[in-house]
Amino acid sequence: MENKIAEQIIRDELGPNGGLEGKSVAELERENVRDPLTGAYNRRKYDTEIQKLDKKGQRYGLIMADIDYFRKFNKKYGRPAGDSVLIEVFRVFSDNLNIAIPEEKDIVVRWGGEEVAVILPEIQDLNIAKNVAERLRDAVESAGFKIGNKKVDLSISLGVGINEVGENGKVLEKRVDAALNQSKKGGRNMVTVSEYGK
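As the structure is a computational prediction, the values presented were derived from the model and not from experiment.

## Side note on the nonpolar core
- Formed by 34 residues in total, the largest nonpolar core has its most connected members in Ile63 and Phe93.
- Elements with a minimum of two residues in this core: strand 1 (61-67), helix 4 (70-77), helix 5 (79-100), strand 3 (115-120), helix 6 (126-141), strand 4 (145-147) and strand 6 (156-162).
- With eight residues, helix 5 is the largest single contributor of residues to this core.
- Sequence-distant contacts of Ile63, that is, excluding residues within four places in its chain, are made with Val116, Ala117, Val118, Leu120, Ala129, Val132, Ala133, Leu136, Leu158, Gly159, Val160 and Val176.

## Overview of the confidence of the model for the protein chain
- The predicted model of the protein chain has a mean per-residue pLDDT of 86, with 80% of residues at 70 or higher.
- Averaged pLDDT values for the elements of the protein chain fall to 52 in helix 1 (residues 2-14) and rise to 98 in strand 6.

## What to know about unusual backbone geometry
- A positive phi angle, near 55 degrees, is found at Tyr69, a position not held by glycine.
- With respect to the helices and strands, Tyr69 occurs in the loop between strand 1 and helix 4.
- Of the residues examined, Tyr69 reaches a relative accessible area of 46% and is grouped as partly exposed.
- With phi around 70 degrees, Arg188 is a residue other than glycine that occupies positive phi space.
- In this fold, Arg188 is placed in the loop between helix 7 (169-185) and strand 7 (191-194).

## Concerning the environment of Asp83
- In this structure, Asp83 sits in helix 5.
- Exposure remark for Asp83: the relative accessible area of 26% places this residue in the partly exposed category.
- Here the alpha-carbon distance between Asp83 and Thr38, two residues 45 residues apart in the chain, equals 8.4 Å.

## Some details on the sheet that holds strand 3
- Spatially, five strands are ordered 2-3-1-6-7 in an open sheet, and the strand pairing comes out mixed. Edge positions in the sheet fall to strand 2 (107-112) and strand 7, since each has one partner strand and no second. The sheet shows a mean angle of 20 degrees between the axes of neighbouring strands, taken without regard to direction.
- Of the pairings in the sheet, the one linking strand 1 to strand 3 comprises six bridges and is antiparallel in character. By the bridge assignment, Met64 is partnered in strand 3 with Ala117.
- Running over the sheet, helix 7 touches strand 1, strand 2, strand 6 and strand 7 and is turned about 145 degrees from strand 6.

## Quick look at the packing of aromatic side chains
- Under the criterion given, the structure shown has three aromatic pairs.
- Note on Tyr46 and Trp111: the rings are 4.6 Å apart at their centroids and 80 degrees apart in plane angle, and the pair reads as edge-to-face. In this pair, Tyr46 is assigned in helix 3 (residues 43-56) and Trp111 in strand 2, connecting sequence segments 65 residues apart.
- Residue class for Trp111 comes out buried when judged on its relative accessible area of 12%.
- Here the aromatic residues Phe70, Phe73 and Tyr77 are joined through ring pairs into a cluster of three or more.
- The positively charged end of Arg34 is found above the aromatic ring belonging to Tyr41, 3.8 Å away from the centroid.
- When the ring centre of Trp111 is taken as reference, the NZ or CZ atom of Arg43 above it lies at 3.6 Å.

Calculation rules
Residues numbered from 1 in each chain as written. Predicted model: local features only at pLDDT ≥ 70, side-chain atom pairs only at ≥ 80, totals over all residues. Heavy atoms only, no water. Core = buried A, V, L, I, M, F, W, Y, C linked by side-chain atoms within 4.5 Å. Buried < 20%, exposed > 50% of the residue type's maximum accessible area, 1.4 Å probe, protein only. Helix = DSSP H or I, 4+ residues; strand = E, 2+ residues; numbered from the N terminus. Contact = heavy atoms within 4.5 Å. pLDDT = per-residue confidence, 0-100. Pairing = 2+ DSSP bridges. Axes fitted to C-alpha atoms, helices over the stretch in contact; angles between N-to-C directions. Phe/Tyr/Trp six-rings, centres within 6.5 Å; stacked < 30°, edge-to-face > 60°. Lys NZ or Arg CZ within 6 Å of the ring centre and 35° of its normal.

Set out below in structure tokens:
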């Protein structure tokens, strides 16, 4: 009896189509794989793309980044300001990936909180992947973010790596995350390369 009452309440609140009135299939698919705040892809899309690349046996690059001292930033300026800056950081990433390698189909992902992951599906050279990561680091550092009329400087720490043949995405992810942590421990605002077997 209670279940039927709960189901009726949900139907009454959402409507007969479960709150999906007027939404196209494309809109629903977008909501399924996009972060609602930044518009970047979400972890679901990341997992799907990594699985596809692993299944092909393809080498690819991965960058993981974290905005330096972002929790302190949120405490100082408030969450709405933090959200605004987060949106801008993702815009800087997207803009600079298009400049760096316009023919690529790189995937920018909101990994969680202030963390970013970038899948570089066509990059198989570690030096090129490192250069892309360095370009992103420099772009964020020089972006000059604003909170009201005040300019605020931000930096990011990054880890970067290329998978080796037979190495799956989860193993690469752990290596690149460890490189990111080395960047944080090494003073932040830097890129650390994860080399296979080291």
